Amino acid sequence: MTASLPLAGIRVIEFCQIAAGPFAGMLLADQGADVIKVEAPEGDGMRGWPPHSGGYSENFASLNRNKRSIVLDLKDAGDLETALRLCASADVVLENFRPGVMERLGLGYERLAAEKPALVYCSISAFGQQGPRSKEGGFDVTLQAAGGMMSVTGEPDGGPVKCGVPITDFSAGLYAAFAITSALLTARASGGGSRIDVPMIGTTLAIAALQTSEYFGTGRDPQRLGSAHPRNAPYQAFRAKDAYFVVAAGNDDLFRRACEGIGCAELARDERFATTALRARNQAALKERLEEAFTRLTADECLAIMRARGVPCAPINAYSQALADPQVGHYQWVQPVDLPGGARTRTFVSPLGAGQPVRRRPPGLGEHTEEIRREIEP
């Protein structure tokens with residue numbers, strides 16, 4: 001099964017904890033790479049995060065499938081020598097320590113690349129490997145704050161709110177996996193490796209392209225709008241009789257169809273709402289008028305009207321509801337996975353393709369230490 005995957009034959013040594021680095025490693029493992037997770041004797045800190053099934057962290061399991069685990073004390077001379085041999089056997093080294101830590105441990109890029117010039121070496125950190133803030137650490141919430149994301153999240157009259165999903169961690173992991181895969185193509189063609197620097201502050205700003213371009217174009221900071229959009233309307237959550245739901249009538253034709261569906265055709269002729277730009281400018285008044293109609297109906301009734309007219313819309317799902325969506329079932333994205341100790345749970349697998357099965361369950365701490373040591377014995 002692994003042989004047919006695009007990264008089959010690629011070995012990745014992962015010196016990572018918690019989210020960003022392990023997510024990047026898992027993306028590579030899902031595509032067939034042999035990802036060896038190097039853990040300290042106490043293990044990746046996420047192993048302690050609840051919930052636990054049979055004593056094993058479900059959070060850790062969700063980011064570490066298809067990997068092997070080896071325990072090494074990198075401050076021990078013998079274990080460091082093992083780590084060096086591991087890196088010499090690898091195509092990729094992935095790490096997310098603070099800048100300078102890998103060098104102090106004797107595992108920096110310069111040393112490893114001298115032994116293996118084709119090595120792809122990727123570092124994920126809060127602020128990057130160079131510059132005035134490079135030595136600072138960070139977590140998802142601090143990067144959401146520093147990178148501007150919290151300034152545009154939440155209701156206009158509310159306090160700062162972070163995105164409920166740790167988006168700075170996972171966007172950094174996505175950039176890292178993409179950069180590594182690209183660098184492997186170059187290494188294969190030229191025989192030359194590369195050093196990849198993934199600063200979370202940079203990836204956080206990069207995925208905010210619409211917000212940064214708004215600032216560049218207007219000189220004004222984007223503002224919190226709740227679920228609304230600064231340049232489009234109706235394009236947000238609306239209140240019905242019993243619940244909230246979302247409508248995204250993102251052009252003139254969809255707006256007309258939405259208005260006709262709820263018996264408010266006159267709104268499409270109102271000069272305040274004649275264009276997308278005007279609807280965005282006057283969206284508070286538009287929301288008030290639309291909700292006069294929506295609140296006479298249940299959310300399900302509103303959704304049925306919008307769907308019948310081809311207007312994009314959605315209920316506001318809890319994760320239990322989202323995971324039960326028929327599209328999720330069609331693609332078989334939720335798969336069973338066994339955990340060390342015998343417990344069985346479920347996990348959301350790679351969304352690329354139809355439900356790639358988990359080839360290797362998430363590892364117990366140091367589960368593959370002896371197996372891996374035998375592979376690299378001199």
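Residues numbered from 1 in each chain as written. Predicted model: local features only at pLDDT ≥ 70, side-chain atom pairs only at ≥ 80, totals over all residues. Heavy atoms only, no water.

On to the overall build of the chain. A count of helical and extended segments in the chain gives 16 helices and 13 strands. In terms of its C-alpha atoms, the chain occupies a principal-axis envelope of roughly 80 × 50 × 40 Å. Here the chain, with 378 residues, has 44% of them falling under the buried criterion. Taking the contacts inside the chain whose residues are at least 6 apart along the sequence as the reference set, 67% of them involve residues at least 24 apart. Carbon and sulfur atoms provide 55% of the accessible area of the chain, an area that totals close to 18600 Å². Put simply, the chain has 40 plus and 43 minus side-chain charges, and the middle of one group is 3 Å from the middle of the other. (Helix = DSSP H or I, 4+ residues; strand = E, 2+ residues; numbered from the N terminus. Buried < 20%, exposed > 50% of the residue type's maximum accessible area, 1.4 Å probe, protein only. Contact = heavy atoms within 4.5 Å. Areas by Shrake-Rupley, 256 points an atom, 1.4 Å probe, with all protein chains shown as cover. Lys, Arg positive; Asp, Glu negative; His and termini not counted. Charge placed at Lys NZ, Arg CZ, Asp CG, Glu CD.)

Here the focus is the packing of helix α1 (residues 20–30) against helix α7 (residues 167–190). Relative orientation of the contacting elements α1 and α7 amounts to 45 degrees, with a least axis distance of 8 Å. With respect to α7, the element α1 is oriented oblique. Judged by the sense of rotation from one axis to the other, the crossing of α1 with α7 is right-handed. Taken together, the residues of α7 that come into contact with α1 (itself represented by Ala20, Phe23, Ala24, Leu27 and Leu28) are Asp169, Phe170, Ala172, Gly173, Leu174, Ala176, Ala177, Ile180 and Thr181. Of the residues in the contact of α1 with α7, the class split is eleven nonpolar, two polar and one charged. (Axes fitted to C-alpha atoms, helices over the stretch in contact; angles between N-to-C directions. Parallel < 35°, antiparallel > 145°, perpendicular 65-115°, else oblique. Left-handed = near helix turned anticlockwise from the far one by under 90°. Nonpolar A, V, L, I, M, F, W, Y, C, P; charged D, E, K, R; others polar.)

All right, on to the nonpolar core then. Formed by 29 residues in total, the largest nonpolar core has its most connected members in Val12, Leu28, Leu94, Val120, Cys122, Ile124 and Ile180. Secondary-structure elements contributing two or more residues to this core are α1, β6 (92–95), β7 (120–125), α7, β8 (194–199) and α8 (200–206). No other element matches the seven residues that α7 contributes to this core. Leu86, Ala90, Leu112 and Ala113 belong to the second largest nonpolar core, which has 25 residues in total. (Core = buried A, V, L, I, M, F, W, Y, C linked by side-chain atoms within 4.5 Å.)

Turning next to the layout of surface pockets. Approximately 1600 Å³ is the volume attributed to the largest pocket. Lining of the largest pocket is provided by 47 residues; of these, Phe23, Met26, Ser62, Leu63 and Phe348 occupy positions nearest its centre. Those elements that place two or more of their residues in the lining of the largest pocket are α1, α2 (58–63), α6 (140–146), α7, α14 (319–323) and β13 (344–348). Residue composition of the lining of the largest pocket, by class: 31 nonpolar, eight polar and eight charged. Forming the walls of the second largest pocket are 31 residues, and the residues nearest its centre are Met149, Val152, Thr153, Gln211 and Gly226. Residue composition of the lining of the second largest pocket, by class: 17 nonpolar, eleven polar and three charged. (1 Å grid on protein atoms, 1.4 Å probe; cavity = no way out; pocket = protein on both sides within 12 Å on 5 of 7 lines; lining within 4 Å. Points joined across faces, edges and corners; volume = space filled by probe spheres on them.)

With antiparallel pairing, three strands are arranged side by side in an open sheet as β9-β10-β11. Strands with a single pairing partner mark the edges of an open sheet, and in this sheet they are β9 (235–239) and β11 (313–315). Strand after strand, the sheet turns through a mean of 25 degrees between neighbouring axes, direction not considered. Here strand β10 (residues 244–248) runs beside β11; their pairing, made up of three bridges, is antiparallel. (Pairing = 2+ DSSP bridges.)

Turning our eyes to something else, we now look at the packing of aromatic side chains. One pass over the structure, following the stated rule, counts eight aromatic pairs. Judged by centre distance (5.3 Å) and plane angle (65 degrees), the ring pair of Phe238 and Phe294 falls under edge-to-face. Pair noted here: Phe238 is in strand β9 and Phe294 is in helix α12 (residues 283–294), with a separation of 56 residues, a long-range link. As far as the burial class goes, Phe238 and Phe294 line up, both buried. A ring pair is formed by Tyr331 and Trp333, whose centres lie 4.7 Å apart and whose planes are at 5 degrees; its orientation type is stacked. Residue class for Tyr331 comes out partly exposed when judged on its relative accessible area of 32%. For Trp333, a relative accessible area of 15% gives the class buried. An aromatic cluster is defined as three or more aromatic residues linked by ring pairs; in this entry it consists of Phe238, Phe245 and Phe294. (Phe/Tyr/Trp six-rings, centres within 6.5 Å; stacked < 30°, edge-to-face > 60°.)

Backbone-to-backbone hydrogen bonds join strands into a sheet, with any given pair of strands oriented parallel or antiparallel. With parallel pairing, six strands are arranged side by side in an open sheet as β5-β2-β1-β6-β7-β8. Edge positions in the sheet fall to β5 (67–71) and β8, since each of these pairs with one other strand and no more. Going across the sheet, the axis of each strand differs from the next one's by a mean of 20 degrees, ignoring polarity. Inspection of the sheet shows strand β1 (residues 11–15) paired to strand β2 (residues 34–39) by four bridges, in the parallel sense. From the neighbouring strand, Glu14 faces β2, where its bridge partner is Lys37.

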